[in-house]
Each structure stands twice: as C-alpha cells, then as structure tokens.
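# An overview of the molecular structure
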Amino acid sequence: MNWDIFIAPYAQVVEELKVKLKGMRQQFEYERDQSPIEFVTGRVKPKSSIIEKARRKGINPENIEDEVQDIAGVRVVCQFVDDIYSVVDMLKNRHDFEIVEEKDYISRKKDSGYRSFHVIIKYPVETIHGEKIVLAEIQIRTLAMNFWATNEHSLNYKYAGQIPTEVKSRLKRAAEAAFRLDEEMSKIKSEIQEAQKIFNEKQIKKPEG
Ligand code: 0O2
C-alpha cells in the first residue's frame, strides 16, 4: 500500500472540517459576540500510531479504514461544559456528514480521569476518483479538559503507557480538580461572558498605533 495515497483523503477531511468548524466560530462571533467554540485544531494520525493502534486492538491491516476511527481527527475546544453540548447539537443538525457514534466521556469519564465528548462521523470527501466516505473523529472538550488531556498524553508518551502509580493517582486528582474548575466557571458563566463582551468592545474601539 502506498501510504501517501492512502492518507491523502484523510488529510483533506481534516482540512475541510477545520475550515467548516472555524467558520462556525466566526459566524457566532459576528452574530452573537460570543462563540461556544474557543478554538479548533486537527491532525492526521501518524503512520506509526495507526499501525500501533491496529496491532493493540487486533485489527487486520486490511480493515484499518473501517476500524481505526480517528485517522482523521479534529478537536473543538470550548470555554464551558454546556458549550460542548451546544456544539454536539449543531453537529447533529448538519447535512454534510453523518454521525455514526457518540461517546460521552463527560458523564462517564474514563478510568484514567479523561473527560471529553467524541463524535464519530462518516464524511464524504471528493477525490480524483470520485466520492469516498471516510471515518473521522471530532473531540469536543473544555479548556480545562484539554489542559489535563494534553499533559496526560505527554506523560503516557514519556512512560510508554506505563505511568507510575503515584503519578497516575495525582493525574486522577488533577482530573477532578479540572472538573471542579469547569463546574465553578459554569456557575459564573454569564458574568464572565459579560466581562468578555465589554473587553472585546473596548479592543475594537481602541485607536491603532
Ligand atoms: P492520539 O495520540 O490522541 O491519537 P482506545 O482503544 O480506548 O485507545 P478508541 O476505542 O479508538 O481508543 O476510542 P477512544 O477511547 O474514544 O479514544 C480515542 C482518542 O481519544 C485517543 O486516541 C485520544 O486522543 C483520546 N483519549 C481517549 N482516552 C484518553 C485518555 O485516557 N487520555 C488522553 N490524554 N486521551 C485519551 P489515541 O489513539 O489513544 O491517541
């Protein structure tokens, strides 16, 4: 299999989804001064990670396309927990892809302490050979959840998946602290949004120089 040819449609899906989700963010800012989307990132899973995941899950290399769901991955980061559900609702109302699975790791966190909402989609992408349907994963999480997951991901890499028990339990406590932070921030959401609106208006009015 030529890897570049295999991966090209996934790279295109990541770029298209990033444009579309960033477009949503922009539209929200123009129309409502505020957006449930803070920022959007995306990546194509590296070849070594795809092969490692297929091996770990006992997936036959011929079935990678159907069974490794996150070769194309996009992440939507929100300020507040309820923004996550607003984004999920908006994704459900779109007609340019089909949602095939939802994984709510917010109400049911993973053992590691990981929290995030994952949506697996079937995305039709145009290739030089016509339309191709590919799977992609959209991860939606708060800034606090993202901070935790990024740090935990680095530690997992450092310890090759065998994080020492002491560090693991600190990570679990940190995950709970991040969750409490989200809860507290949610309680003063309207205050924060009002303050941000005032700040943004001031920035627009400020003369250049
Ligand atoms: P990467 O490097 O981000 O691509 P699994 O068998 O549980 O590993 P599955 O069944 O494909 O994976 O789906 P799941 O559990 O929804 O996880 C998919 C992705 O979610 C992971 O991809 C991570 O990006 C993220 N994720 C899931 N659990 C954790 C966690 O405990 N900590 C962190 N930091 N991220 C997590 P990859 O392929 O594991 O990694």
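Figured I'd write up the structure that's included with this text. In this text the structure is predicted, and so the values were computed from the model without any measurement. (Residues numbered from 1 in each chain as written. Predicted model: local features only at pLDDT ≥ 70, side-chain atom pairs only at ≥ 80, totals over all residues. Heavy atoms only, no water.)

### Topic: helix α6 (residues 165-187)
Look at α6: 33 Å from first C-alpha to last across 23 residues, which is about the 33 Å you get at 1.5 Å a residue. Buried residues of α6: L171, A175, A178 and D182, and no others. Tucked inside the fold, the buried residues of α6 contact α4 (81-92), β5 (130-142) and α5 (143-158). (Helix = DSSP H or I, 4+ residues; strand = E, 2+ residues; numbered from the N terminus. Expected span 1.5 Å × (residues − 1). Buried < 20%, exposed > 50% of the residue type's maximum accessible area, 1.4 Å probe, protein only. Contact = heavy atoms within 4.5 Å.)

### Digging into unusual backbone geometry
One non-glycine residue with positive phi stands out, namely A160, at about 50°. Counting through the fold element by element, A160 comes out in the loop between α5 and α6.

### Points about the side chain of D182
Within the secondary structure layout, D182 lies in helix α6. Of the side chains with opposite charge, R115 lies nearest to the buried D182, which makes no salt bridge, at 7.4 Å. With residues up to four places along the chain from it excluded, the contact list for D182 reads Q79, V81, T142, A144 and M145. (Lys, Arg positive; Asp, Glu negative; His and termini not counted. Salt bridge = Lys/Arg side-chain N within 4 Å of Asp/Glu carboxyl O.)

### Observations concerning the site of the ligand
The local shell around the ligand holds 17 residues, among which K45, K57, K110, S112 and E152 are the closest. At a separation of 2.7 Å, a nitrogen atom of the ligand approaches a polar side-chain atom of E152. Burial of the ligand by the surrounding chains reaches 78%, relative to a free accessible area of 730 Å². Structurally, the ligand is housed in the largest pocket. Counting residues per element, the shell around the ligand draws most heavily on α5, at 3 residues. A breakdown of the residues in the shell around the ligand according to their chemical character gives 3 nonpolar, 4 polar and 10 charged. (Near = heavy atom within 4 Å. Polar contact = N/O pair within 3.5 Å; in protein donor to acceptor, adjacent residues only side chain to side chain. Areas by Shrake-Rupley, 256 points an atom, 1.4 Å probe, with all protein chains shown as cover. 1 Å grid on protein atoms, 1.4 Å probe; cavity = no way out; pocket = protein on both sides within 12 Å on 5 of 7 lines; lining within 4 Å. Sits in = over half its atoms within 2 Å of the grid points. Nonpolar A, V, L, I, M, F, W, Y, C, P; charged D, E, K, R; others polar.)

### Considering the sheet that holds strand β4 (residues 117-127)
One open sheet accounts for 5 strands, arranged β1-β2-β5-β4-β3; its pairing is mixed. The open sheet has two edge strands with one neighbour each: β1 (39-44) and β3 (98-104). Across the sheet, the mean angle separating the axes of adjacent strands is 25° when strand polarity is ignored. Across 7 bridges, the pairing between strand β2 (residues 72-78) and β5 is parallel. The partner of A72 across the bridge, within β5, is A136. Here α4 sits on the sheet in contact with β2, β3, β4 and β5, set at roughly 165° to β5. Sitting on the sheet, α5 is in contact with β1, β2 and β5, with an inclination near 100° to β5. (Pairing = 2+ DSSP bridges. Axes fitted to C-alpha atoms, helices over the stretch in contact; angles between N-to-C directions.)

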